[in-house]
Amino acid sequence: MDNCSAASMFLTDSLELELGTDWCKPPCFSCGFDNRGGGSHFSGESYLSSGALKRLILNLDPLPTNFEEDTVEIFGIQWVTETALVNSSRVLFHLFRQQLYNLETLLQASCDFGKISILHSKADNIRQQCVTFLHYVKVFIFRYLKVQNAESHVPVHPYETLEAQFPSVLVDELHGLLLYVGHLSELPNINLGAFVNQNQIKLFPPSWHLLHLHLDIHWLVLEILHMLGEKLKQVIYGHQFMNLAGDNLTNVSLFEEHCENLLCDLISLSLNRYDKVRPSEALMSHHCPCPCIKELWVLLIHLLEHRSKWSLSESFWNWLNKLLKTFFDKSSDRRRPSVPIIQPRDPLGFSWWIITHVASFYQFDRHGTQDEMRQMESNWNFVEELLKKSIGVQNSSFSISWLPLKGLTHIIKSPLSMLEMVKTCCCDKQDNGLYKSSSSYTIFLCILAKVVKKAMKNNGPHPWKQVKGRIYSKFHQKRMEELTEVGLQNFFILFLLLAAVAEVEDVAGHVLGLLNFLKPSFITSPLIWKGQVAFLLMYIQKNLDIGVLAEKFSGAFREKAKEFLVSKNDEMGQRQTLWTLLSIYIDGVQEVFETSHCLHPSHEKLLNDGFSMLLRACQESELRIVLSFLQAVLARIRSMHQQLRQELQKENVDLTAQSSLSAKERHLAAVASALWRHFFSFLKSQRMSQIVPLSELADAAADFTLLALDMPSTAPSDLQPQPVISIIQLFGWDDIIWPQVVARYLSHCLQNSMLCEALSHSGCVSFQALTVRSWIRCILQMYIKNFYVSDDLFIDINPGQAVEKEYLGQLAELTRLLFKLSEVKNIFSKAQVEYLSSPEDPTKALILFFEAIGITYGNLQTLSDKSAMVTKSLEYLGEILKYIKPYLGKKISSAGLQLTYRMMGILVKSWAQIFATSKAQKLLFRIIDCLLLPHTVLQQEKELPAPMLIAIQKSLPLYLQGICIVCCQSQNPNAYLNQLLGNVIEQYIGRFLPASPHVAGLGQHPVLMALRNSATLAPMSLLKKCIIQVIRKSYFECKGSLFPPRLASILAFILQLFKETNIDISEVELLLPGILKLLVLVSEPQVKRLATENLQYMVKACQVGSEGEPAAQLTSVFRHFIQDYGTRYDNQIYGILETVAALDQQVVIHLLSTLTQSLKDSERKWGLGRNIAQREAYSKLLSHLGQVGQDEMQRLESDNT
């Protein structure tokens, strides 16, 4: 069966389905299927799902794969398929009734769980035999019944005689069968529940099978009668029976009588259910006790609607309405149905209830598939009759008893919801879900709209005047004072509906008058404001001037805005009440502008000075809403202006149209001026405050910029004559504006190609340069959280947590757009640096930009080009030191300092040639003074903050390299710059020395790194020279024996310096005296060891290239050293020279005369004769000099002086 029913779903309207040859189980009513998933409404065996209804309507073979054998088994007996029904129709129907009797007898058996399986099997077998027989009747009619020729007088075969009589016999038998089974409403109460066995198979009692067999019989009889009429195309008279009116029974009369009886039965079943349903549950409770009853309703709808289209038969609604009318018509002349229907206790409520539920069955197609968009046949005529009965006496209330009241207390949230409800009520297309409305009031509105529209269409304005008079008369001062909040809402919806279907201006004027009668407590009701907005929007929808409404509504808004401003610091409850009203106005006015096709002078009234007061009183969350409204209105005005310009630019515009367009443009300009007046002045005053949300401030300023571009004449006088440039100066180029505002604002501006083009041709030659300057500032200030707090409130943040993602994204977007500017692209092109079309990291992009400028400048040849480039570069930087100043306060930002020192270091190095010019050197001096030599650095007793030291340590090599390049590139030697370089080295060479002299620690010293990473020889030589001079001055030129701390570390530094660079004899000449001095005067072992290592390294270095002869400078250094310290420190000197002699005897040999003379001078000074100890020490030194030393020793001994 599953295969058969599934395949039948694909029946087309013109072709029969080609099924397999297997026997298909005939369709029948069944509610035993599992519908827990909610996917299917009917069983797969049903007449709908199996496609049986569709085959009936399309006049196709009912069961194409069944009854194709020569014989067929019916009621356990074999019959000839093609003749059984003609030859034995009475016998077969008698057997059918006998089987029906057998099923009825099973009802008497007790139905417990032990017997249910047997009873279910027997009852199901009987039912299947009966259903199979009725389907056989249908197949027989379709395949084997021949249409007889009544005019033929040729003798016929006895079978043909029986065949000719068969249609009448069949009508009689069907009538007899219906009389036997009786009415559905007469069946005893049946439990529709089922037993479930251990295999989860549902087992039904005999009563269930009897009910469903009755349903099968009633429906299949209708099918058979319909097929009989379709086949023979004539009226068939019965032979045995007459109908209740005394007329001969026909197939047509039997069909109509049975259809009426069946509908009466279904109504009676529904009535029994309605009496048990509570009014509050009426909508949720269906009138069908099981899906099979529901399916029978759907089958009747489809069959009767089909017959009404192709014959003079009545439609389904006519059948049903005719029976429901008998509840109200007490006259005896109307024919009563043959089946008596119990009079309901609430005929009106029941009628509404049943037609509401039955209407939903129109959603099911011929396959039982639900389609909520399926068109339903109209039943409004009967609904109008019910409406009249519901209202009853003139001026009484309309109500339906079973509709709940909860919907009446529902307050609609917005004016648009009001209009949407009115639109739904006025819709010509029927809403299939109307019965699900919250209250009967909605149904009343739908019917009222339909009645008024229909009457006005047919009879002109006269019916409207009647309705208007009837409704207007109900609302007077006393009634308005009695209105509750819900009543006020329903009042607005009623009059909105009247305005929608009739005269909107008349209705709106009457409403405004009635609102004056409301009691004082309702004056601040949000409903009044929502209702007025709804009327405004209806005016806009009908393209009417809103002048009268706008004037009154905007006046109320101004008053409430003034109260809101005064209550700024008052109790929150009052502010919230006022804000509710103000927000309704704001949302409503926004909707008015967004839905208006064109603007009238009255639109300007909606933008009065209430907004100026409101803006000053708003808090952050409220400002977001107001500024969002502003952006929406600005966007709408610009859009409308562009449309007007396009219209004006069209060819062949006549004078009338041109005049109309010019008037519209004036109206737009008036509205734009109101926005400048009430909104822009506030934004301008709040550029530096924290009250206005930064993103909304930037967005609104950008929208005003674009408005100034489109409509420059509307801008205020203080922005003229170039309002666009004036606004950009205020929000994009001003250094005191929040970087978050600038970045977002400039992104909006650069995205607009028309704006960029206009600025390029506006005479503002610095547009791109100023934009680049702001971009640089935005990147450098990315870690600044607050411009206007004192230093001690500055919050320190780590680089990892640094910047909000939103701002980083905004910077990336600004960078992407800025890199498309022609100046920027030109710089990268000339520098031949890889151009980033979409840079993701703004800081990397800024580094590339700085480097590209430096390379571009270096490639220039002419002096004029270089001078222009310097000017442009300085314009890019602007007051760059002001941008980074907030990072240099008392409480500093680690991330901000690292960014600042790194970027400025890269700037100094990559722009070194630019800073070598006289124009740019002043900035370089200020950078050095501000970042490297601030007052805190010069105060030796104070330690620098750790974050600053870390930032300087990482970036110092860049500064040193850049300054050295500047010194080498300068056209005139600059003593001050050289002095600054020395000061920087002096300040930081000691600050970054490690506590203990380890080579590993010295490797990261920024001064050494500057030398190590220097790319060119001249700057490196200058830097090294300056380093040595600083070391000599700071560490070796001290008076007496007072040496600075960390001597061991500085000695290790010198040693590392010489190891990493080529040592020069002049450098030895500068440092060696200090080294020797330390060896003499300092006794610390670590210092002595490192000093000795330095001495050895210098001596070895001097040996290179000396061709065996000691350098004169080296000898000179030692000679002066002996002369200065020989008298007092003779032993120490001899020890030092022993070390030297081990490396280079010639150096000491050249010093012998000086040494001998120093010895004699020492002895003469003390006046004690020969100093035996000193002479022994000197002899020890001489012993290291070979023969020359021995000769000198002999001369010294032989000298008797």
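Note that this is a predicted model, so its numbers are computed, not measured.

S.K.: Outline the overall build of the protein chain, supporting the account with residue identities and numerical values.
M.R.: Helix and strand content of the protein chain: 52 helices and 6 strands. Contacts spanning at least 24 positions in sequence make up 75% of the contacts within the protein chain whose residues lie at least 6 apart. When the accessible area of the protein chain is evaluated, it comes to approximately 55,100 Å², of which 52% is carbon and sulfur surface.

S.K.: I'd like to hear about the packing of aromatic side chains, residue by residue, with values.
M.R.: According to the stated counting rule, one finds 53 aromatic pairs in the structure shown. Aromatic pair Phe-491 and Phe-495: ring centres 4.8 Å apart, planes at 55°, arrangement tilted. Here Phe-495 and Phe-491 lie together in helix H16 (residues 485-501), a separation of 4 residues that amounts to about one turn. Taken individually, Phe-491 and Phe-495 each receive the classification buried, so the pair is uniform in this respect. The interplanar angle of 65° and the centroid separation of 5.3 Å between the aromatic rings of Trp-529 and Phe-553 together place this pair among those described as edge-to-face. With Trp-529 in helix H18 (residues 526-541) and Phe-553 in helix H19 (residues 547-566), this residue pair connects regions lying 24 residues apart in the sequence. For Phe-553, a relative accessible area of 1% corresponds to the buried category. Aromatic ring contacts, followed pair by pair, group Trp-529, Phe-553, Phe-557, Tyr-585, Phe-611, Phe-629 and Phe-679 into a single cluster. Taking the ring centre of Tyr-857 as reference, the NZ or CZ of Lys-866 above it sits at 4.6 Å.

S.K.: An account of a nonpolar patch on the surface is needed here, citing residue identities and associated values.
M.R.: Together, Val-235, Tyr-237 and Val-252 give the surface a local cluster of nonpolar side chains, amounting to about 260 Å² of exposed area. Secondary-structure assignment places Tyr-237 in strand E5 (residues 237-242).

S.K.: Now, about the pairing of strand E1 (residues 71-74): what can you tell me, with residues and values included?
M.R.: In E1, alternate side chains face the same way, and those of Val-72 and Ile-74 are buried while those of Thr-71 and Glu-73 on the opposite face are not. Of the pairings in the sheet, the one linking E1 to strand E2 (residues 77-80) comprises 4 bridges and is antiparallel in character. Looking at the pairing, Thr-71 lines up with Val-80 of E2. If you look at the hairpin formed by E1 and E2, you'll find 2 residues sitting between the two strands, and Phe-75 has a positive phi there, around 55°.

S.K.: Account for helix H32 (residues 842-859), with residues named and values stated.
M.R.: An ideal rise of 1.5 Å per residue puts 26 Å on 18 residues; H32 measures up with 26 Å between its terminal C-alpha atoms. Every buried residue of H32 is listed here: Pro-842, Thr-843, Ala-845, Leu-846, Ile-847, Phe-849, Phe-850, Ala-852, Ile-853, Gly-854, Thr-856 and Tyr-857. The secondary structure elements touched by the buried residues of H32 are helix H29 (767-780), helix H30 (805-818), helix H31 (822-831), helix H33 (863-877), helix H35 (894-910) and helix H36 (912-915).

S.K.: Give me unusual backbone geometry: which residues, what numbers.
M.R.: Across the junction of Gln-720 and Pro-721, the peptide omega takes the value 5°, indicating a cis bond. Along the chain, the position of Pro-721 falls in the loop between helix H25 (694-710) and helix H26 (723-731). Here Phe-67, not a glycine, exhibits a phi torsion of approximately 55°, which is positive. Note on Phe-67: relative accessible area 2%, which makes it buried. Despite not being glycine, Phe-75 has its phi angle at roughly 55°, a positive value. Tracing the chain through its elements places Phe-75 in the loop between E1 and E2. Exposure remark for Phe-75: the relative accessible area of 11% places this residue in the buried category.

S.K.: Requested: an account of the packing of H25 against helix H28 (residues 753-760), with residues and values cited.
M.R.: Interaxial distance between H25 and H28 falls to 11 Å at its minimum, and their mutual angle equals 60°. Between H25 and H28, the angle falls in the class oblique. For the element pair H25 and H28, the recorded crossing hand is left-handed. Each of Thr-705, Leu-706 and Leu-709 in H25 lies in contact with H28, whose residues at this interface are Met-754, Leu-755 and Ala-758. Each residue belonging to the contact of H25 with H28 can be placed in one class, and the counts come to 5 nonpolar, 1 polar and no charged.

S.K.: Describe the nonpolar core, listing the residues and the values that go with them.
M.R.: Phe-491, Phe-495, Leu-614, Trp-775, Ile-776, Phe-849 and Leu-1155 are the most contacted members of the largest nonpolar core, which has 285 residues in total. Filtering out sequence-adjacent residues up to four positions away, Ile-776 remains in contact with Leu-846, Phe-849, Phe-850, Tyr-876, Leu-877 and Ile-880. With 117 residues, the next largest nonpolar core counts Leu-184, Leu-187, Leu-215 and Leu-254 among its residues.

S.K.: Which residues make up the side chain of Ser-596, and what values go with them?
M.R.: Examined against the element boundaries, Ser-596 turns out to sit in the loop between helix H20 (572-595) and helix H21 (601-605). The class for Ser-596 is buried, based on a relative accessible area of 1%. Separated by 2.5 Å, the side chain of Ser-596 and the backbone oxygen of Val-592 make a polar contact. Among the polar contacts made by the side chain of Ser-596, one reaches the side chain of His-603 at a distance of 3.0 Å. With sequence-adjacent residues up to four places away left out, Ser-596 is seen in contact with Ile-540, His-603, Arg-636 and Met-640.

S.K.: How would you explain the pattern of salt bridges if you had to name every residue and give the values?
M.R.: Summed over the entire model, instances satisfying the criterion amount to 36 salt bridges. As a salt-bridge pair, Lys-25 and Glu-45 come within 3.5 Å of each other at their nearest N and O atoms. Here the residue Lys-25 occupies a position in the loop between helix H1 (2-8) and helix H2 (52-57), and Glu-45 occupies one in the loop between H1 and H2, the gap between them amounting to 20 residues. For Lys-25, a relative accessible area of 30% puts it in the partly exposed group. Overall, the relative accessible area of 22% leaves Glu-45 in the partly exposed class. A salt bridge links Glu-173 to Arg-90; the shortest N-O distance between them is 3.0 Å. Remark: Arg-90 occurs in helix H3 (residues 84-105) and Glu-173 occurs in helix H5 (residues 158-181); sequence separation between them is 83 residues. Residue Glu-173 is classed as buried on the basis of its relative accessible area of 8%. With relative accessibility at 37%, the residue Arg-90 sits in the partly exposed group.

Rules of the game
- Residues numbered from 1 in each chain as written.
- Predicted model: local features only at pLDDT ≥ 70, side-chain atom pairs only at ≥ 80, totals over all residues.
- Heavy atoms only, no water.
- Helix = DSSP H or I, 4+ residues; strand = E, 2+ residues; numbered from the N terminus.
- Contact = heavy atoms within 4.5 Å.
- Areas by Shrake-Rupley, 256 points an atom, 1.4 Å probe, with all protein chains shown as cover.
- Phe/Tyr/Trp six-rings, centres within 6.5 Å; stacked < 30°, edge-to-face > 60°.
- Buried < 20%, exposed > 50% of the residue type's maximum accessible area, 1.4 Å probe, protein only.
- Lys NZ or Arg CZ within 6 Å of the ring centre and 35° of its normal.
- Patch = residues over 30% accessible without salt bridge, like charges linked within 9 Å, V, L, I, M, F, W, Y side chains within 5 Å.
- Salt bridge = Lys/Arg side-chain N within 4 Å of Asp/Glu carboxyl O.
- Pairing = 2+ DSSP bridges.
- Expected span 1.5 Å × (residues − 1).
- Axes fitted to C-alpha atoms, helices over the stretch in contact; angles between N-to-C directions.
- Parallel < 35°, antiparallel > 145°, perpendicular 65-115°, else oblique.
- Left-handed = near helix turned anticlockwise from the far one by under 90°.
- Nonpolar A, V, L, I, M, F, W, Y, C, P; charged D, E, K, R; others polar.
- Core = buried A, V, L, I, M, F, W, Y, C linked by side-chain atoms within 4.5 Å.
- Polar contact = N/O pair within 3.5 Å; in protein donor to acceptor, adjacent residues only side chain to side chain.

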